[in-house]
Amino acid sequence: MRRWNGWGDESIDMTLPASAESLLSELLGSSAPLPDASLSDVVGQVPESRLAGIDHALLERDAEIRIRHARGQSLPDWLAMRSGHFGIFPDAVARPESGEQVRELLELAAEHDAIVIPYGGGTSVAGHITPAESQRPIITLALTKMNRLLDLDEASGVATFGAGARGPEVEAQLRARGYTLGHFPQSWELSTLGGWVASRSSGQQSLRYGRIEQLFAGGRIETPSGPLDLPTFPASAAGPDLRELVLGSEGRLGVFTEVCVRVSPLPDEEIFETLFLPDWQRAFDCARELVRQRVGLSMLRVANPAETFTGLRLAVDKKQLGWLERLLRLRGIGEGKCMLTLGCTGHRPAVHETQQQARTVLRRHGAVALMPGKLGRKWAHGRFRYPYLREALWRLGYAVDTFETALDWSRVDGYIRDAEKRVGTALSDQDEPVHVFTHLSHIYRQGSSAYTSYLYRVGNDYDTALERWRIIKAAASQAIVDWGGTISHQHGVGRDHAPYLQAEKGELGLAALGTLFRRFDPDGRMNPGVLLPEDKP
Ligand SMILES: Cc1cc2nc3c(=O)[nH]c(=O)nc-3n(C[C@H](O)[C@H](O)[C@H](O)COP(=O)(O)OP(=O)(O)OC[C@H]3O[C@@H](n4cnc5c(N)ncnc54)[C@H](O)[C@@H]3O)c2cc1C
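One numbering rule holds for all chains: residues counted from 1, following each sequence as written. Given that the model is predicted, a residue must reach a pLDDT of at least 70 before its local features are reported, and side-chain atom pairs must reach 80 or more before they are shown or counted; all residues, however, enter totals for whole chains, interfaces and linings. In computing side-chain values, all of the structure's heavy atoms are included and hydrogens and water are not.

A few points about the site of the ligand
This is how it is decided: Put simply, a residue is near a molecule or strand once any heavy atom of it comes within 4 Å of that molecule or strand. In protein, a polar contact means a hydrogen-donor-capable atom and an acceptor-capable atom, both N or O and within 3.5 Å, with residues adjacent in sequence counting only if both atoms are side-chain atoms; elsewhere, any N or O pair within 3.5 Å suffices. Note on areas: Shrake-Rupley with a 1.4 Å probe; residue coverage comes only from the protein chains shown. Under the scheme used here, helices are H or I runs from DSSP no shorter than 4 residues and strands are E runs no shorter than 2 residues, and both carry numbers assigned from the N terminus.
Surrounding the ligand, one finds 35 residues, the nearest of these being P118, G120, T123, S187 and T192. At 2.6 Å, a side-chain N or O of S187 approaches an oxygen atom of the ligand. Contacts to the ligand include S199, whose side-chain N or O atom sits 2.9 Å from an oxygen atom. Protein contacts shield 97% of the accessible area of the ligand, which totals 960 Å² for the unbound molecule. Looking at the shell around the ligand element by element, the count peaks at four residues for helix α7 (residues 193–198).

Some details on the packing of helix α11 (residues 280–292) against helix α17 (residues 409–424)
As a reminder of what qualifies: Axis angles are defined between N-to-C directions and span 0 to 180 degrees, where every axis is a line fitted to C-alpha atoms and, for a helix, only to the segment in contact. Oblique is the label for any angle not covered by the other classes, which are roughly parallel (under 35 degrees), roughly antiparallel (over 145) and roughly perpendicular (65 to 115). With the far helix as reference, a near helix turned anticlockwise by less than a right angle produces a left-handed crossing, and one turned clockwise produces a right-handed crossing. Only heavy atoms enter the contact rule, under which two residues are in contact if any of them lie within 4.5 Å.
Between α11 and α17, the shortest axis-to-axis distance is 12 Å and the interhelical angle comes to 150°. Accordingly, the angle class assigned to the pair α11 and α17 is roughly antiparallel. The hand of the α11/α17 crossing is right-handed. Contacts from W280, F284, R288 and R292 in α11 reach W409, V412, D413, I416 and R417 in α17.

Looking at the pattern of salt bridges
Put simply, the rule is: Here, a salt bridge means any side-chain nitrogen of Lys or Arg that lies within 4 Å of a carboxyl oxygen of Asp or Glu. Partly exposed residues are those whose accessible area sits between 20% and 50% of the maximum for their type, while under 20% is buried and over 50% is exposed, using a 1.4 Å probe and protein chains only.
By the definition in use, this model includes 37 salt bridges. Measuring nitrogen to oxygen at the nearest pair gives 3.3 Å for the salt bridge that ties E273 to R359. Of this pair, E273 sits in strand β12 (residues 269–277) while R359 sits in helix α14 (residues 348–364), placing them 86 residues apart in sequence. The buried category is assigned to E273, whose relative accessible area is 7%. Where salt bridges share partners, they join R103, E107, R220, E222 and D229 into one cluster.

Examining the packing of aromatic side chains
Cut-off, in case you're wondering: Note on aromatic pairs: the rings of Phe, Tyr and Trp (six-membered ring only in Trp) are paired at centre separations within 6.5 Å, and the planes decide the class, stacked below 30 degrees, edge-to-face beyond 60, tilted for the rest. Only when the NZ atom of a Lys or the CZ atom of an Arg is both within 6 Å of the ring centre and within 35 degrees of the ring normal do we say a charge sits over the ring.
Applying the stated rule across the entire model yields 13 aromatic pairs. With a centroid separation of 5.4 Å and 55° between ring planes, the pair formed by F272 and W379 is classed as tilted. Within this pair, whereas F272 is found in strand β12, its partner W379 is found in helix α15 (residues 374–382), the two being separated by 107 residues in sequence. By relative accessible area, W379 is classed as buried at 10%. Geometrically, the ring pair formed by W280 and F284 is edge-to-face, given 5.6 Å between the ring centres and 65° between the ring planes. A residue pair is termed a helical-turn pair when its members lie 3 or 4 positions apart in one helix, as W280 and F284 do in helix α11 at four residues. Side by side, W280 and F284 carry an identical accessibility label, which is buried. We note R383 situated over the ring of F184; from NZ or CZ to the ring centre the distance is 5.0 Å.

Notes on the side chain of H439
The residue H439 is located in strand β17 (residues 435–440) in this model. Since its relative accessible area comes to 6%, H439 is described here as buried. A polar contact is formed between the side chain of H439 and the side chain of E307, at a distance of 2.9 Å. If near-sequence neighbours (up to four positions away) are discounted, H439 is found in contact with R301, V302, A303, E307, S449, A450 and Y451.

Details of the sheet that holds strand β10 (residues 255–262)
For clarity, the threshold we go by: For two strands to pair, DSSP has to find at least two bridges joining them.
Judged by pairing direction, the sheet is antiparallel, and its five strands sit side by side in the order β5-β6-β10-β8-β9 without closing on themselves. Because the sheet does not close on itself, it has two edges, and the strands there are β5 (149–153) and β9 (226–230). The mean inter-strand angle of the sheet, taken between neighbouring strand axes irrespective of direction, is 10°. One ladder, built from five bridges, connects strand β6 (residues 158–162) with β10; its direction is antiparallel.

A word on the side chain of E273
Within the local environment of E273, its side chain forms a polar contact with the side chain of Q355, the two groups lying 3.0 Å apart. A polar atom in the side chain of E273 sits 3.3 Å from the side chain of R359. Setting aside residues no more than four positions away along its own chain, E273 makes contact with L340, T341, L342, Q355, R359, A369, G373 and G376.

Some points on the packing of helix α4 (residues 75–83) against helix α18 (residues 462–482)
Convention followed: Lys, Arg, Asp and Glu make up the charged group, whereas Ala, Val, Leu, Ile, Met, Phe, Trp, Tyr, Cys and Pro make up the nonpolar group; the residues left over, Gly among them, are polar.
Across the interface, α4 lies against α18 with an axial gap of 10 Å and an inter-helix angle of 175°. Comparing their axes, α18 and α4 come out roughly antiparallel. In this structure, α4 contributes L75, P76, L79, R82 and S83 to the contact, and α18 contributes Y462, A465, L466 and W469. Of the residues that constitute the contact of α4 with α18, the class distribution is seven nonpolar, one polar and one charged.

And the structure:
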């Protein structure tokens, strides 16, 4: 059963090694957890639905289902769920099973002047699906039941799915036919195809398979102005591509009911390796060279010294770590080391050739592999488990969150240093340290994404925890804007990033988007307040 107030399945828990607690207390000071509200406390607060009088089989109005669809996974969402102070709940949740039912629901919403929030897996970390206060009733339209593989055109390598298929559902249905989509965001367990397209998601193996923009071939959207069909051309010069227009639309245009994606035959070999480089400069140069030389990796990520230090200490127990660090020192790798993880995927001979090419570059930059393959396998095995760490840290009284951007190479290093400094000192007025660390998560020939995590003490109450987050988030977002990065490389805009969007789109660009949304949604009922800030519900 999915947790109602946190990440993932209730039966899965992550524990930290005993040494982690002392590390956190050394870095940030000792802390204590805040009390969690119970589900029954929250059920008691859910107000009567403003859609109570409507007799329609698809509208579910019981308190628990409204609670379970009221929040995503941003830190403010997390604090709301743990404290039980949700604020606003949807008035009803609808879980249609077909495109026709989605259309029927949009008509029902129009009849009752209701807002519609399309909901995929609810894994948004930017406030995409959190209802805001409104005079109008709110229907959250969850695509969960539309999760089937509808068609597989093997000759073209195009699969059509119901838009609510979650990552494991997509892969299991394709795998049974010998294919993979290859889209593996860290939220893969719970996020959906429709959500990936609507928020321009990026998977961990995008170096091989591409971001969702490259995987998205077409589909169907039900909008308040009618259906929009997007045919699956391999390429087109027929004016602006409407597929680009709907990618990243964050529920503002309508509801994806069917999504067509470009799939690949299952690879017969996949190898992940973790290596260590002596310092940040060499790790940075090495990653850039691997991509510039077009070494055919499926994944590449590089942790800076702070992330390498933190990751090792939070994941490995003291004795094993001591042993690992001694071995690394013998190979000339000490303080300031950086961890690099790479993946090679495909047909066996090609995978081995890629490994050889990568090793040549890695050696030139002083990379050292310990226990070849073992650390990489450990990473691959645990890659969808890391989000559960938020629970473990919470139980010790620490909050963890992330922010991310992408920039051209000429600005990546300066940005990371400055953003880490601003975030690390964001709470200095309160004498509170923030522990901050970064990795390059998606690496391109032109530049890189920079994915930063930070930890802080929750303080004595929920208001303090939220206020600390607000200060840090503002410092991080301002650093991104000041360095000319995009406000999001993969998490999307939602409500949290909307105030910063004008810096990259410009006034005219934002106005054009607003006009476009109105054409599909003249009454402004599709997820208002998300993506475009001025457009309040
Ligand atoms: C632990 C964790 C790790 C993450 N890792 C990654 C990562 O590696 N890469 C990455 O890209 N993101 C990541 N994310 C962010 C998040 O998973 C993505 O934004 C994802 O694409 C959201 O998909 P979802 O199905 O959960 O959509 P939701 O959160 O339900 O919705 C997101 C937006 O899409 C819209 N939407 C959803 N479904 C539809 C539909 N059928 N039609 C129209 N609009 C729709 C919603 O209205 C909303 O605006 C992570 C999040 C968490 C919590």
